[in-house]
Amino acid sequence: MNSFCKDFVKYILNTAPRYNKEVVENDVCKRFHLTKDRKVYHNDYFAVRFCYSKSSSSSFSNTVLSLSALEKYDRIPFFVVLVRRDADNLVLLANTTFLKKISHSSQNLRIDNIKGSFNGSDIMRSYENRTNTPENFEFLFALHQGLEWKDNLSRLVDASADIKPISQKFNPTEDEERNIYNSIKRAKAFVQSENYHALEEDLNQRCESCRKEILIASHIENTNIRGRLIESLITSSDEERKMLINNLENMEKALPSYDTRNGLGDYCRRFDNGSTFTDIKTKVIYLTSNPKAYNIDKFLKQMSTSDSVFLFFFIGIDETRIFNTVLCSVYHQKLIENTLLQFHWAGRSTRGVAQFNGEAINEILNEHAFQNNIDEKTGRMFLNKLLDR
């Protein structure tokens, strides 16, 4: 979370006017050069909605904002400031990751029909055992950045009353479940084969061919756009890559703010000992982030085929360079131990998503001589947990 956000939160809590919503809005708008968009005030760094309560309680049931309006600002920190008549100002983080459901006029809410609004009571006050309070905002927003709009939308559709979800939980047959468990052995055999090194060399050459452009793209603040652009630079054909490079300056505006891929992995390549699906993850080492790992049902469905192998190609970037790359199996022990399963995502119809602890990826990238460590017992316990969800 950038310094502008931290200064804003600190000002709201310690220095800003209190008790009168209009006075607070006017003062904050001038001080932080905010533009008004109906009920939302925003700049390039954050957006805020001001609400008012006559009570001194931290709870409030006011309608805050429509989901369609929130979509415009969900890539940056979205704050709700509660101005209370008889108490100090309160600040909450209210990006879609921290909404429990859509309460108001959500009867027609679907993945392809964004309807309804959320109330103050729909904002989570705790997430991943961290309270939704300023001292945890940086940690919480890093988690939010690792997820995507469509993931949150799918969950909110599922969570909102009387809505039939579109996504469905993958229920494997006996043969498919056997293939899922066998995917651990397939992964172990693949990372010990020459084809693993061939894939690693292929990806490194692709990375090297656009190293300068990857460094430029790494400075894009929007994590989803940054990641998608770097993925495209690496996986595209030579002709497509040239187009991306020639239009790099305008690419952030050209790309949508969320990913519309339906498959698993960004780069697919078939070998005689497995069909590989590699997800490319850029890790800017000096930024706090907990990137999304995968949709659990999509992962299980892909692993239910008899030859699937799933890997991650981590690209480590520091202030001046790409300092390392690592081709890592999804079953690498450190990765499993640092995979966060988002339990509140597991609604009636899906198992939800997995997310990585970003610090663990930093450690993997900083290892002197990385080797995939796949423990079959650990892998089976992990799959048991996923299949039981």
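Details of the structure are given in the entry above.
Residues numbered from 1 in each chain as written. Predicted model: local features only at pLDDT ≥ 70, side-chain atom pairs only at ≥ 80, totals over all residues. Heavy atoms only, no water.

Caption draft 1: Up close: the overall build of the protein chain. Of regular secondary structure, the protein chain possesses 15 helices and 16 strands. When the 389 residues of the protein chain are sorted by exposure, 55% land in the buried category. Long-range contacts, defined here as pairs at least 24 residues apart, represent 72% of the contacts in the protein chain between residues at least 6 apart. Split by element, the accessible area of the protein chain, about 18200 Å² in all, is 45% carbon and sulfur. (Helix = DSSP H or I, 4+ residues; strand = E, 2+ residues; numbered from the N terminus. Buried < 20%, exposed > 50% of the residue type's maximum accessible area, 1.4 Å probe, protein only. Contact = heavy atoms within 4.5 Å. Areas by Shrake-Rupley, 256 points an atom, 1.4 Å probe, with all protein chains shown as cover.)

Caption draft 2: Main features of the pairing of strand β16 (residues 353-356). Of the two faces of β16, the one lined by V353 and Q355 and the one lined by A354 and F356 are each fully buried. Two elements, strand β15 (residues 339-341) and β16, share 3 bridges in a ladder whose sense is antiparallel. Bridge pairing links L340 to Q355 in β16. (Pairing = 2+ DSSP bridges.)

Caption draft 3: Representation of the pairing of strand β11 (residues 274-284) within the structure. For β11, the tally of buried residues reaches 11 of 11 residues, placing the bulk of the element in the interior. Residues of β11 alternate between two faces, with G274, T276, T278, I280, T282 and V284 on one and S275, F277, D279, K281 and K283 on the opposite face, all of them buried. Alignment of strand β10 (residues 267-271) against β11, held across 5 bridges, turns out to be antiparallel. Bridge pairing links R270 to S275 in β11. Linkage of β10 to β11, two consecutive antiparallel strands, is achieved through a turn of 2 residues. As defined by bridge partners, β11 adjoins strand β13 (residues 308-317) across 10 bridges and the pair is classed as parallel. When the bridges of β13 are listed, K283 appears paired with G316.

Caption draft 4: Just the environment of S103, in detail. Position of S103 among the secondary structure elements: in the loop between β6 (90-93) and β7 (117-119). Sequence-wise, S103 and G116 are 13 residues apart; in three dimensions their C-alpha atoms are separated by 7.0 Å. In contact with S103, not counting residues within four places along its chain, are S117, F118, N119 and D122.

Caption draft 5: Broad picture of the sheet that holds strand β3 (residues 47-53). Taken together, 5 strands build an open sheet; the order of strands is β1-β2-β3-β5-β6 and the sheet is mixed. In this open sheet, the two strands that pair with only one neighbour each are β1 (35-37) and β6. When the angles between neighbouring strand axes are averaged without regard to direction, this sheet yields 30 degrees. For strand β5 (residues 78-84) and β6, the ladder comprises 4 bridges, and the chain directions are antiparallel. Its bridge partner lying in β6, L82 is registered against L90. On top of the sheet, helix α1 (residues 3-14) reaches β3, β5 and β6; it is set at about 10 degrees to β5, its chief contact. Across the sheet, helix α4 (residues 137-145) is in contact with β5 and β6; its angle to β6 comes to roughly 25 degrees. (Axes fitted to C-alpha atoms, helices over the stretch in contact; angles between N-to-C directions.)

Caption draft 6: Geometry of the sheet that holds β16. Strand order across the open sheet formed by 3 strands is β12-β16-β15, with antiparallel pairing between neighbours. Of all strands in the sheet, those bounded by a partner on one side alone are β12 (292-295) and β15. When strand polarity is set aside, the average angle formed by the axes of neighbouring strands in this sheet is 25 degrees.

Caption draft 7: Up close: the environment of T223. By the element assignment, T223 lies in helix α9 (residues 223-235). Residue T223 is classed as buried on the basis of its relative accessible area, which comes to 19%. A C-alpha to C-alpha distance of 9.8 Å links T223 and I76, two positions 147 residues apart in sequence.

Caption draft 8: Structural view of unusual backbone geometry. For H33, which is not a glycine, the phi torsion comes out positive at approximately 55 degrees. You can call H33 exposed: its relative accessible area is 65%. One non-glycine residue, N129, lies in positive phi territory at about 65 degrees. For N129, the location among the structural elements is in the loop between β8 (126-127) and β9 (130-131). When its relative accessible area of 81% is taken as the criterion, N129 is described as exposed.

Caption draft 9: Quick peek at the packing of α1 against helix α2 (residues 21-31). Remark: α1 packs on α2, axes separated minimally by 12 Å, with the N-to-C direction vectors making an angle of 150 degrees. With respect to each other, α1 and α2 are oriented roughly antiparallel. Crossing geometry of α1 relative to α2 is assigned as right-handed. Facing F8, Y11 and I12 of α1, the residues of α2 in contact are D27, V28 and R31. Residues that form the contact of α1 with α2 fall into these classes: 4 nonpolar, no polar and 2 charged. (Parallel < 35°, antiparallel > 145°, perpendicular 65-115°, else oblique. Left-handed = near helix turned anticlockwise from the far one by under 90°. Nonpolar A, V, L, I, M, F, W, Y, C, P; charged D, E, K, R; others polar.)

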